[in-house]
Amino acid sequence: MAPMDSLDRLSERRQRAQALVGAGRIGEGLASLLIGADELEADDRDAAARLRIDAGQMGLYVAGPSRPLELAESALSAAHDGDPALRAMALIRLGDALMWVGRPAEAQVRWA
């Protein structure tokens, strides 16, 4: 897949999710991001990780604190060998999710 095509798909998914959330349809916004991440996974792991990072906070509102933790772990896994800045974003989101599930010591390690 051409990089621009991947960026276009990433941007389109983010815009769609933002519109859904703006309309009060947070669950659908979350689903849109996750479907987009699944579609992009094979061709662009960084883009898939970005969508999962974006989905983290929505997951908190939709399903409680355990869902963002799953999403952050998935984003970190996808970002493992990619862009260092993306990996840092995934680690920050993982730290946030660990706080939300009541594991502050582990969160601090991730944020360090």
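Owing to the predicted nature of the structure, the values given are computational and were not obtained by experimental measurement. (Residues numbered from 1 in each chain as written. Predicted model: local features only at pLDDT ≥ 70, side-chain atom pairs only at ≥ 80, totals over all residues. Heavy atoms only, no water.)

**Some points on the nonpolar core**
Okay, step 1: Ala 90 and Leu 94 are the most contacted members of the largest nonpolar core, which has 15 residues in total.
Okay, step 2: For this core, the secondary structure elements donating two or more residues are α3 (45-63), α4 (66-79) and α5 (84-100).
Okay, step 3: Setting aside residues up to four positions removed in sequence, Leu 94 forms contacts with Leu 69, Ala 72, Glu 73, Leu 76 and Arg 110.
Okay, step 4: Judged by nonpolar contacts, the second largest core, of 13 residues, contains Ala 37, Ala 48, Leu 51 and Ala 55. (Core = buried A, V, L, I, M, F, W, Y, C linked by side-chain atoms within 4.5 Å. Buried < 20%, exposed > 50% of the residue type's maximum accessible area, 1.4 Å probe, protein only. Helix = DSSP H or I, 4+ residues; strand = E, 2+ residues; numbered from the N terminus. Contact = heavy atoms within 4.5 Å.)

**Looking at the pattern of salt bridges**
Okay, step 1: Applying the stated criterion across every chain, the model contains 11 salt bridges.
Okay, step 2: With a closest N to O distance of 3.2 Å, Glu 39 and Arg 13 form a salt bridge. Of this pair, Glu 39 sits in helix α2 (residues 26-40) while Arg 13 sits in helix α1 (residues 3-22), and the two are 26 residues apart along the sequence.
Okay, step 3: The partly exposed category is assigned to Glu 39, whose relative accessible area is 42%.
Okay, step 4: The shortest N-O distance in the salt bridge between Arg 52 and Glu 41 comes to 2.6 Å. Of the two residues, Arg 52 is situated in helix α3 and Glu 41 in the loop between α2 and α3; the sequence distance between them amounts to 11 residues.
Okay, step 5: Put simply, Asp 38, Glu 41, Arg 45 and Arg 52 are held in one network by salt bridges that share partners. (Salt bridge = Lys/Arg side-chain N within 4 Å of Asp/Glu carboxyl O.)

**Concerning the packing of α3 against α4**
Okay, step 1: Contact geometry of α3 with α4 gives a least axis separation of 8 Å together with a crossing angle of 170°. On the basis of their axis angle, the class for α3 and α4 is roughly antiparallel. For the pair α3 and α4, the contacting residues are Arg 45, Ala 49, Arg 52, Ile 53, Ala 55, Gly 56, Gly 59, Leu 60 and Ala 63 in the first and Arg 67, Pro 68, Leu 71, Ser 74, Ala 75, Ser 77, Ala 78 and Ala 79 in the second.
Okay, step 2: A per-class count over the contact of α3 with α4 returns 10 nonpolar, 4 polar and 3 charged. (Axes fitted to C-alpha atoms, helices over the stretch in contact; angles between N-to-C directions. Parallel < 35°, antiparallel > 145°, perpendicular 65-115°, else oblique. Nonpolar A, V, L, I, M, F, W, Y, C, P; charged D, E, K, R; others polar.)

**Here we look at the environment of Met 58**
Okay, step 1: With respect to the helices, strands and loops of the structure, Met 58 is situated in helix α3.
Okay, step 2: C-alpha separation for the pair Met 58 and Gly 29, spaced 29 residues apart in sequence, amounts to 7.8 Å.
Okay, step 3: With residues near it in sequence (within four places) discarded, Met 58 still touches Ala 17, Val 21, Ile 26, Gly 29, Leu 30 and Leu 33.

**A closer look at a nonpolar patch on the surface**
Okay, step 1: A cluster of nonpolar residues, Ile 26, Tyr 61 and Val 62, forms a patch on the protein surface that exposes about 280 Å² of accessible area.
Okay, step 2: Counting through the fold element by element, Val 62 comes out in helix α3. (Patch = residues over 30% accessible without salt bridge, like charges linked within 9 Å, V, L, I, M, F, W, Y side chains within 5 Å. Areas by Shrake-Rupley, 256 points an atom, 1.4 Å probe, with all protein chains shown as cover.)

**Considering the confidence of the model for the protein**
Okay, step 1: On average, the protein scores 91 in pLDDT, and the residues at 70 or more come to 96%.
Okay, step 2: Looking at the elements of the protein, mean pLDDT is at its lowest for α1, recorded as 88, and at its highest for α2, recorded as 95. (pLDDT = per-residue confidence, 0-100.)

**Quick notes on α2**
Side chains of residues three or four places apart in an α-helix project in the same direction, reflecting 3.6 residues per turn.
Okay, step 1: Here α2 contains 15 residues, and its C-alpha end-to-end distance of 21 Å stays within 8% of the 21 Å for a straight helix at 1.5 Å per residue.
Okay, step 2: Residues of α2 that are buried: Gly 29, Leu 30, Ser 32, Leu 33, Leu 34, Gly 36, Ala 37 and Leu 40. (Expected span 1.5 Å × (residues − 1).)

**Looking at the packing of α4 against α5**
Okay, step 1: Two elements in contact, α4 and α5, have axes whose closest approach is 8 Å; the angle formed by their N-to-C orientations is 160°. As judged from the angle between their axes, α4 and α5 are roughly antiparallel. As for the relative orientation of α4 and α5, their crossing is left-handed in sense. Residue-level inspection shows Pro 68, Leu 69, Ala 72, Glu 73, Ala 75, Leu 76 and Ala 79 of α4 in contact with α5, the latter providing Leu 86, Arg 87, Ala 90, Leu 91, Arg 93, Leu 94, Ala 97, Leu 98 and Trp 100.
Okay, step 2: Split into classes, the residues belonging to the contact of α4 with α5 amount to 13 nonpolar, no polar and 3 charged. (Left-handed = near helix turned anticlockwise from the far one by under 90°.)

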